[in-house]
Amino acid sequence: MARSMGHDRTRRPQHNIEDDEEEDDHVEKMLKKTGCLELHYAVQECMADHKDWRKCQEQVAKFRACIEAKRNAIKHESKD
């Protein structure tokens, strides 16, 4: 009987912590440009405290509104 080619669990992809830090820096830079970075931190802090996104709806709504306001401002700038 032919042997199946299952998942090779002996090989682990190399995980580079510096890559994560660079990605975080990129995200933080982007959010800082929008002016929504502190609201992003508030969502993260709430999630860390409650471990349930449903309990963080106020923070999520404020963050979403901030991002949408920035998007709308950019759209209006490009039309001018």
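In this text the structure is predicted, and so the values were computed from the model without any measurement.

S.K.: Can you help me understand the side chain of histidine 40 in this one?
M.R.: Secondary-structure assignment places histidine 40 in helix α2 (residues 37–50). A relative accessible area of 18% places histidine 40 in the buried class. Among residues more than four places away in sequence, those in contact with histidine 40 are Leu31 and Phe63.

S.K.: How should the packing of α2 against helix α3 (residues 57–79) be read in this particular structure?
M.R.: Helix packing geometry: the angle between the two helix axes and the distance between the axes. Where α2 contacts α3, the axes come no closer than 9 Å and their chain directions differ by 155°. With respect to their mutual orientation, α2 and α3 come out roughly antiparallel. Crossing of α2 over α3 shows left-handed handedness. The residues of α3 that touch α2, namely those facing Leu39, His40, Ala42, Val43 and Cys46, are Gln59, Val60, Lys62, Phe63 and Cys66. Taken together, the residues of the contact of α2 with α3 sort by class into 7 nonpolar, 2 polar and 1 charged.

S.K.: Is there a simple way to explain the side chain of aspartate 52 in this structure?
M.R.: Tracing the sequence through the fold places aspartate 52 in the loop between α2 and α3. In this structure the side chain of aspartate 52 is engaged in a polar contact, spanning 3.0 Å, whose partner is the side chain of arginine 54.

S.K.: It is not clear to me how α2 should be interpreted in this structure. Could you clarify?
M.R.: Between the first and last C-alpha of α2 there are 20 Å, a value that for 14 residues agrees with the 20 Å anticipated at 1.5 Å per step. Along α2, the positions that sit buried rather than exposed are Leu37, His40, Val43 and Cys46. Downstream of α2 by a residue or two, lysine 51 has a phi angle that is positive, lying close to 55°.

S.K.: Explain the state of the cysteines to me, please; I cannot follow it from the model alone.
M.R.: Between two cysteines, a covalent bond joining their sulfur atoms is known as a disulfide. This structure, assessed with the given rule, holds 2 disulfides. For cysteine 46, the disulfide goes to cysteine 56, at an S-S distance of 2.1 Å. Since a negative S-S torsion denotes a left-handed disulfide, the cysteine 46-cysteine 56 link at about -95° is left-handed. On the criterion of sequence distance, the pair formed by cysteine 46 in helix α2 and cysteine 56 in the loop between α2 and α3 is long-range, its members being 10 residues apart. With relative accessibility at 5%, the residue cysteine 46 sits in the buried group. Of the residues examined, cysteine 56 reaches a relative accessible area of 0% and is grouped as buried. Taken N- to C-terminal, the disulfide-bonded cysteines of the protein chain are connected 1-4, 2-3.

What counts, and at which threshold
Residues numbered from 1 in each chain as written. Predicted model: local features only at pLDDT ≥ 70, side-chain atom pairs only at ≥ 80, totals over all residues. Heavy atoms only, no water. Helix = DSSP H or I, 4+ residues; strand = E, 2+ residues; numbered from the N terminus. Buried < 20%, exposed > 50% of the residue type's maximum accessible area, 1.4 Å probe, protein only. Contact = heavy atoms within 4.5 Å. Axes fitted to C-alpha atoms, helices over the stretch in contact; angles between N-to-C directions. Parallel < 35°, antiparallel > 145°, perpendicular 65-115°, else oblique. Left-handed = near helix turned anticlockwise from the far one by under 90°. Nonpolar A, V, L, I, M, F, W, Y, C, P; charged D, E, K, R; others polar. Polar contact = N/O pair within 3.5 Å; in protein donor to acceptor, adjacent residues only side chain to side chain. Expected span 1.5 Å × (residues − 1). Disulfide = S-S within 2.5 Å.

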